[in-house]
Amino acid sequence: GQEGDDRLSFWKTLGAQQAERLNTQQIFLPIYTHDDARNESFAQQIKDAGLIYLSGGDPGYLASTLINTPVWSAIESAWRSGSSLAGCSAGAMAMGKHVPNFFRPKEDGTDGFGLIGEIRTIPHYNKFFGWIPDAAARKLLIAPEGTSVIGIDESTALVTGLNSDTDVSFEYRSWRVHGEGHVHLLRGEGDHAHKFAHGEIVTL
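Residues numbered from 1 in each chain as written. Predicted model: local features only at pLDDT ≥ 70, side-chain atom pairs only at ≥ 80, totals over all residues. Heavy atoms only, no water.

Ordered by their spatial adjacency, four strands build an open sheet running β5-β6-β9-β10, and the pairing between neighbours is mixed. Strands with a single pairing partner mark the edges of an open sheet, and in this sheet they are β5 (119–122) and β10 (194–196). Going from strand to strand, the sheet's axes swing by 25° on average, the running direction of each strand aside. (Pairing = 2+ DSSP bridges. Helix = DSSP H or I, 4+ residues; strand = E, 2+ residues; numbered from the N terminus. Axes fitted to C-alpha atoms, helices over the stretch in contact; angles between N-to-C directions.)

As structure tokens, then:
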């Protein structure tokens with residue numbers, strides 16, 4: 001919520017366009033600050049959502065804005081009750097336990113939502129390292145032992161919690177790639193880099 005009105009309107013419009021393609025209703029909640037996230041009326045609107053979607057921006061700001069608020073409690077409760085939860089860019093990065101401060105690489109990061117275990121996500125992977133300084137890029141790739149670092153290309157998603165075509169139930173260790181690009185496992189699986197395409201399974 002730190003971006004200007006034009007950018008916030010852009011994300012709102014993207015959501016509305018996707019909702020129209022899915023023949024469903026978008027409810028846009030203008031939660032830009034910690035005070036907004038303490039708004040009980042926003043939290044109430046989240047309870048029956050089929051899909052909760054967190055968009056882009058600064059992942060550390062996103063996580064610190066929502067954690068320990070009624071809005072985050074409503075999001076987590078809905079997700080644990082069966083709602084789908086998705087994030088792009090900052091929204092994806094904040095899903096893990098820790099969010100590095102890639103804007104200021106010398107500073108510590110912040111706590112993330114901790115929903116996906118020891119996984120660190122680098123979104124826009126096919127473009128990301130052209131956008132940030134080398135020091136910030138290196139910090140993203142350095143992670144504690146046992147942490148998987150994954151890069152997700154644009155126009156690509158990594159999905160878990162669904163059943164496969166053969167009705168084999170997924171656990172949160174197993175994820176399926178969807179989309180035009182690739183998912184890159186940069187650390188984990190013996191620290192060897194692997195690249196996965198649409199339909200392939202990534203085990204984390």
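That covers the picture; the talk isn't over yet.
Okay, the packing of aromatic side chains next. Within this structure, the stated rule accounts for one aromatic pair. Residues Trp72 and Phe113 carry aromatic rings whose centres are separated by 4.0 Å and whose planes lie at 15° to one another, so their mutual orientation is stacked. Linking Trp72 in helix α5 (residues 70–80) with Phe113 in the loop between β4 (110–111) and β5, this pair joins segments that are 41 residues apart in sequence. (Phe/Tyr/Trp six-rings, centres within 6.5 Å; stacked < 30°, edge-to-face > 60°.)

Positive phi outside glycine occurs at Asn23, with the angle close to 55°. Secondary-structure assignment places Asn23 in the loop between α1 (5–21) and α2 (34–37). For Ser155, which is not glycine, the phi dihedral falls at a positive 60°. Taking the relative accessible area as the measure of exposure, Ser155 reaches 53% and is therefore exposed. (Buried < 20%, exposed > 50% of the residue type's maximum accessible area, 1.4 Å probe, protein only.)

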